[in-house]
Amino acid sequence: MIGLISFAFFAPAAVAQGSSAPGSLWQNVPMPAPRPVVLPPPPPLALDTAPAKQLFGAARLPADLQARSLGFYAKGCLAGARPLPINGPDWQVMRLSRNRNWGHPVLINLLERLARKVQLETTWPGLLVGDMSQPRGGPMLTGHASHQVGLDADVWLNPMPKRVLTPREREEISAKSMANAKFSGVNPQTWTPEHIKVIRLAAKMPGVERIFVNPVIKKQLCVEAGADRAWLGKVRPYWGHDYHMHIRMACPSGSSTCKAQAAVSGDEECGAQLDYWLKQVRKPDVPPPPSKELPKKKPPPPPMKLSDLPPECRMVLQAPDAAVAATKAAPGVVTAPDPEDQAATPDPMGQDTPVPPTPQ
Ligand SMILES: [Zn+2]
């Protein structure tokens, strides 16, 4: 820019006089009027071109707006998010470095009440809470296809310890899987009757629409639930989710553009569809011989842009910061990757997709 301007102002005079013009001549020549500088058009706004996950991933604080979930669980954003405090009487937030302990106030309230119930009605001292949403919701740079509208929360399937974990521990402790090595059932070393109680308490909370768990966990719930079974229909089998349960709330009142998911059928769903899911996750007894041909990978879909999200999400990105503090890890602490983030443990996008077809 500086180069362009200086050329436009001084080059004509220098050309008129020649480069060896003596100083006296130079002083007598009237300065020509500066030519208008033609600048290239400004680059398009990052808001229109950048992947939405970069825009929302960069927001450290929520939008100072009334709380609203905008759009769909896997295609939306969140206005007026609130943080779940990182330490509660019966919960602790994990992976503070991710700054993902944000949600619609109904989700914050739900987690606080659920943690209290768990503390009162099970042997667990409380809950360890994993990812919720980013401060302004939206797509994330890592992990999760959903969690975009402040109504999804991952709750670890390991009890909260009786002491307050250090920031470092919250990054480094790994969750334990509830599945056995072959994914043929739960792991008796980690699965306990308390797990049924915790998942049942969550499923019965008002406002909870679905809970996603690994099919082997759902199977165990079906086996052990006893006579009280109406809640089982809300617990949906899905890939991954052997380390945590994923709680999804229904659209709250006042969020008129929140897109609801079809209601669960009301059936406990312990039958044929679950059997199909169990076959999908079961690891083979003998690993298949390595294929000579490389598997054909589908090219990933183009990243979501802001224009793919509800129009209000632009306002959410541009709104001033709310007067709250961002959640940060202690300096120098490196987050351990979670097994479920690494590959592509897909998140439940919506409509319980992909739903395997009912076996013939
Ligand atoms: Zn999740």
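So, how was this worked out
- Residues numbered from 1 in each chain as written.
- Predicted model: local features only at pLDDT ≥ 70, side-chain atom pairs only at ≥ 80, totals over all residues.
- Heavy atoms only, no water.
- Buried < 20%, exposed > 50% of the residue type's maximum accessible area, 1.4 Å probe, protein only.
- Helix = DSSP H or I, 4+ residues; strand = E, 2+ residues; numbered from the N terminus.
- Pairing = 2+ DSSP bridges.
- Salt bridge = Lys/Arg side-chain N within 4 Å of Asp/Glu carboxyl O.

A. Layout of the pairing of strand β10 (residues 244–249). With 6 of 6 residues buried, β10 is to be regarded as a mostly interior element. By the alternation rule, side chains of β10 split into His244, His246 and Arg248 and Met245, Ile247 and Met249, which are all buried. Judged from the 5 bridges that link them, strand β7 (residues 152–156) and β10 form a sheet pairing that is antiparallel. For Trp156, the partnering residue across the bridge sits in β10 and is His244. Here strand β8 (residues 208–213) runs beside β10; their pairing, made up of 4 bridges, is antiparallel. Note that in β10 the partner of Arg210 across the bridge is Arg248.

B. Main features of the pattern of salt bridges. Per the stated rule, a full pass over the model turns up 15 salt bridges. Note that Arg248 is salt-bridged to Asp152, the shortest N-O span being 2.7 Å. Separated by 96 residues along the polypeptide, Arg248 in strand β10 and Asp152 in strand β7 bring together distant segments of the chain. In this structure Arg248 comes out as buried when scored by relative accessible area, which is 0%. Residue classification places Asp152 among the buried positions, given a relative accessible area of 0%. Of the charged contacts, one joins Arg282 and Asp285 as a salt bridge, the two residues approaching to 3.5 Å between their closest N and O atoms.

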